[in-house]
Amino acid sequence: MDWLVAMPKVELHAHLNGSIRDSTLLEFARVLGEKGTINFSDVEHVILKSDRSLREVFKLFDLIHILTTDHKTVTRITKEVVEDFAAENVVYLELRTTPKRNDSIGMSKHSYMDAVIEGLRSINTVDVDFAPHKLCEGSSHMNDMSNGTVRKKIYVRLLLSIDRRETTEAAMETVKLALEMRDLGVVGIDLSGNPIVGEWSTFFPALKFAREQGLSITLHCGEVPNKKEIQAMLDFLPGRIGHACFFEEEEMGKLKSSKIPVEICLTSNIRTASIASIDVHHFADLYNAKHPIVLCTDDAGVFSTSLSGEYSLASSAFDLGKKEMFQLARNTTELIFADDEVKQEVREIFESAARKLDYN
Ligand code: 6MZ
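Residues numbered from 1 in each chain as written. Predicted model: local features only at pLDDT ≥ 70, side-chain atom pairs only at ≥ 80, totals over all residues. Heavy atoms only, no water.

### Observations concerning the site of the ligand
Condition: Residues are classed as near a molecule or strand on a simple rule: at least one heavy atom within 4 Å of it. For the purposes of these results, a polar contact is taken to be a pair of N or O atoms within 3.5 Å, where, inside protein, one atom must be able to donate a hydrogen and its partner to accept one; residues adjacent in sequence count only when each atom of the pair is a side-chain atom. Each accessible area value is a Shrake-Rupley result obtained with a 1.4 Å probe; residue values ignore everything except the protein chains displayed when judging cover. Buriedness of a pocket was judged along seven lines, with at least five required to meet protein on both sides within 12 Å; pockets are open sets of points on a 1 Å grid over the protein atoms alone, cavities are sets where a 1.4 Å probe fits but cannot get out, and lining residues have an atom within 4 Å of a point. To qualify as sitting in a cavity or pocket, a molecule needs more than half of its atoms within 2 Å of the grid points. A run of H or I in DSSP counts as a helix once it spans at least four residues, and a run of E counts as a strand once it spans at least two, with each numbered from the N terminus. Three residue categories are used. Nonpolar comprises Ala, Val, Leu, Ile, Met, Phe, Trp, Tyr, Cys and Pro, charged comprises Asp, Glu, Lys and Arg, and polar comprises the others, including Gly.
The environment of the ligand is made up of 19 residues, and the closest members are His65, Thr97, Thr98, Lys100 and Asp299. Asn17 has a polar backbone atom sitting 2.9 Å from an oxygen atom of the ligand. Measuring from a nitrogen atom of the ligand, one finds a side-chain N or O atom of Asp298 at 3.2 Å. With the chains in place, 99% of the 510 Å² that the ligand exposes on its own is no longer accessible. The cavity where the ligand resides is the second largest pocket. The leading source of residues in the shell around the ligand is helix H4 (residues 54-68), at 3 residues. Across the shell around the ligand, the residue classes break down as 4 nonpolar, 10 polar and 5 charged.

This is the structure we're talking about:
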């Protein structure tokens, strides 16, 4: 496990509000409990419960959103989540979040995202490269400091999520916001939310527009059985998909021939019972077929996991050694949505690590 923590890693499927530390959530809940807005002991029980069905997970998100949706809190959780990923040597993070509007506290989707950016700016324990124009500032992963110490560096790019509860207009608003915020490191759009809610046709116009405008797209696909929607999503040819749990043979064949990369979230799939057990997880099939895949946390807070933990689970469940795990992490560089310059820098981080480990 120490070795997997030390290894450079790329995280491409992490939801901001799903990645909050339990201790931070409990702190927020205590404050709202004292104000009488919620009943603290009920909420504490829900936060600390470890096994949840997919339905319960979405109930928990509604609760988390009550606890977190004000600007100051959004800034704080962004800072903490990025710090946590950097602490386990994630060198490139694509963090996704759903821009939220809350008129009662003067929050617009835009001001929500400003609070996220403020969180990235406020990090001082590691160097955070979150906007394209910052590229030239330091090209090496560990920046030398004048006193001889080195500082970690993490690249962070953002994906704006469309929640499946939203209308076409609301989805379009999110896409327009993403376009406006490209200079602040927004590289794409994600479609997520409760998979039994909403219709593909509602989101299609906004996703099509996003892609025409040059944004990358990733879709939560096949989290529940829905053959028609899975087929339509694969036909759309997104840049990546997340999960791919309920794929029948026909869709698996289509996925493999289209070579659409898959974001694999092992713990999330097992905890929500989307996959019966780890030994029947489609990771093995896709890995053996040399299909592009990337291990991800999904919701490190909600599922009490970490990216190193996901690598450790894959290593033991599928009997993969250090060299295979390193290669798996290294290959994910090709799947990131940031521009070629960032991609090249991340490639170099892995090359340098490979030289040290004699894996070239
Ligand atoms: C689908 C998920 C998800 O956006 O408020 N989300 N959507 N499947 C999942 N698998 C379990 N996990 C998280 O982060 C929380 C939101 O991300 C989506 C849901 O829409 C959830 O409300 P943000 O930062």
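There is more to say after this.
### Here's the deal with the packing of aromatic side chains
Here is the rule: Classification of ring pairs uses Phe, Tyr and Trp, with its six-membered ring standing for Trp, and accepts pairs whose centres are within 6.5 Å; under 30 degrees between planes counts as stacked, over 60 as edge-to-face, and the remaining range as tilted. Exposed residues in this analysis have more than 50% of their type's maximum accessible area, buried residues have under 20%, and partly exposed residues fall in between, with area computed by a 1.4 Å probe over protein chains only. In this scheme, Lys NZ or Arg CZ marks a charge over a ring once it lies within 6 Å of the ring centre and within 35 degrees of the ring normal.
Tallying each qualifying case throughout the model produces 7 aromatic pairs. Geometrically, the ring pair formed by Phe204 and Phe236 is edge-to-face, given 5.9 Å between the ring centres and 75 degrees between the ring planes. Of the two residues, Phe204 is situated in helix H8 (residues 200-212) and Phe236 in helix H9 (residues 227-236); the sequence distance between them amounts to 32 residues. Among the residues examined, Phe236 registers a relative accessible area of 5% and is labelled buried. One aromatic cluster is present, formed by Trp200, Phe204 and Phe236 through successive ring pairs. In this structure, Arg211 is placed above the aromatic ring of Phe236, and the distance from its NZ or CZ to the ring centre is 3.9 Å. Over the face of the ring belonging to Phe337 we find Arg240, whose NZ or CZ atom lies 3.8 Å from the ring centre.

### Here we look at unusual backbone geometry
In this model, Leu237 sits at a positive phi of 55 degrees, which is unusual for a non-glycine residue. Positioned with a positive phi, Asp298 is a non-glycine residue whose angle comes to about 70 degrees. Residue position: Asp298 is located in the loop between strand E11 (293-295) and helix H13 (307-317).

### Some details on empty space enclosed by the protein
Inclusion rule: Grid points are joined across faces, edges and corners, and a volume is the space filled by probe spheres set on the points.
Scanning the entire structure with this criterion turns up 1 cavity of 30 Å³ or more. Of the residues in the lining of the largest cavity, the class split is 3 nonpolar, 4 polar and 3 charged.

### Quick look at the nonpolar core
Condition: To form a nonpolar core, buried Ala, Val, Leu, Ile, Met, Phe, Trp, Tyr and Cys residues must be joined to one another through side-chain atoms within 4.5 Å. Note on contacts: a residue pair qualifies if any of its non-hydrogen atoms lie within 4.5 Å across the two residues.
Membership of the largest hydrophobic core comes to 112 residues, with the highest contact counts inside it found for Ile154, Ile189, Leu207, Ile241 and Phe283. Of all the elements, H4 adds the most residues to this core, at 8 residues. Contacts of Ile189, omitting those with residues within four sequence positions, involve Leu159, Leu160, Ile162, Thr174, Val175, Ala178, Leu207, Ala210, Leu215, Ser216, Ile217 and Thr218.

### Remarks on the pattern of salt bridges
Worth spelling out the cut-off: Any Lys or Arg side-chain nitrogen located within 4 Å of an Asp or Glu carboxyl oxygen qualifies as a salt bridge.
Summed over all chains, the structure comprises 25 salt bridges. Between Glu251 and Lys227 there is a salt bridge, with its nearest N and O atoms 2.7 Å apart. Within this pair, whereas Glu251 is found in helix H10 (residues 249-258), its partner Lys227 is found in helix H9, the two being separated by 24 residues in sequence. One salt-bridge network, held together by shared partners, links Arg21, Glu27, Arg76, Lys79, Glu80, Glu83 and Asp84.

### A word on the confidence of the model for the protein chain
For clarity, the threshold we go by: A score from 0 to 100, pLDDT tells how confident the predictor is in each residue.
In this model, the protein chain carries an average pLDDT of 93, and 95% of its residues clear a pLDDT of 70 or more. Below a pLDDT of 50 lies the segment residues 135-139, which in the model reaches 11 contacts outside its immediate sequence neighbourhood of four places, other chains included.

### So, the pairing of strand E1 (residues 9-15)
Selection rule: Note on pairing: two strands pair once DSSP finds at least 2 bridges between them.
With 7 of 7 residues buried, E1 lies mostly within the body of the structure. Judged from the 5 bridges that link them, E1 and strand E2 (residues 90-97) form a sheet pairing that is parallel. When the sheet's bridge partners are listed, Lys9 is paired in E2 with Val90.

### What about the layout of surface pockets?
Within this model, the second largest pocket holds a volume of roughly 380 Å³. Lining the second largest pocket are 28 residues, and of these His15, Phe58, Phe61, Ser192 and Gly193 lie nearest its centre. Within the residue set of the lining of the second largest pocket, elements represented by two or more residues are H4, E2 and strand E6 (153-163).

### Some thoughts on the packing of helix H14 (residues 322-331) against helix H15 (residues 340-357)
Defined as follows: To get an axis, fit a line to the C-alpha atoms, keeping to the stretch in contact for a helix; angles then go from 0 to 180 degrees between the N-to-C directions. Throughout this description, any angle smaller than 35 degrees is read as roughly parallel, any larger than 145 degrees as roughly antiparallel, any in the 65 to 115 degree range as roughly perpendicular, and the remainder as oblique. By definition, any crossing whose near helix is turned counterclockwise from its far helix by less than a right angle is left-handed, and any crossing with a clockwise turn is right-handed.
Packing of H14 against H15 brings their axes to within 11 Å, and their N-to-C directions diverge by 165 degrees. By the angle between their directions, the pair H14 and H15 is classed as roughly antiparallel. Here the hand of the crossing between H14 and H15 comes out left-handed. Within the contact between the two elements, H14 uses Phe326, Ala329 and Arg330 and H15 uses Phe350, Glu351, Ala353, Ala354 and Leu357. Split by residue class, the contact of H14 with H15 holds 6 nonpolar, no polar and 2 charged.

### Quick word on the environment of Lys49
Looking at the secondary structure, you find Lys49 in the loop between helix H3 (40-48) and H4. The exposure class assigned to Lys49 is partly exposed, which follows from its relative accessible area of 32%. In this structure, the C-alpha to C-alpha distance between Lys49 and Phe303, residues 254 residues apart in sequence, is 9.5 Å.

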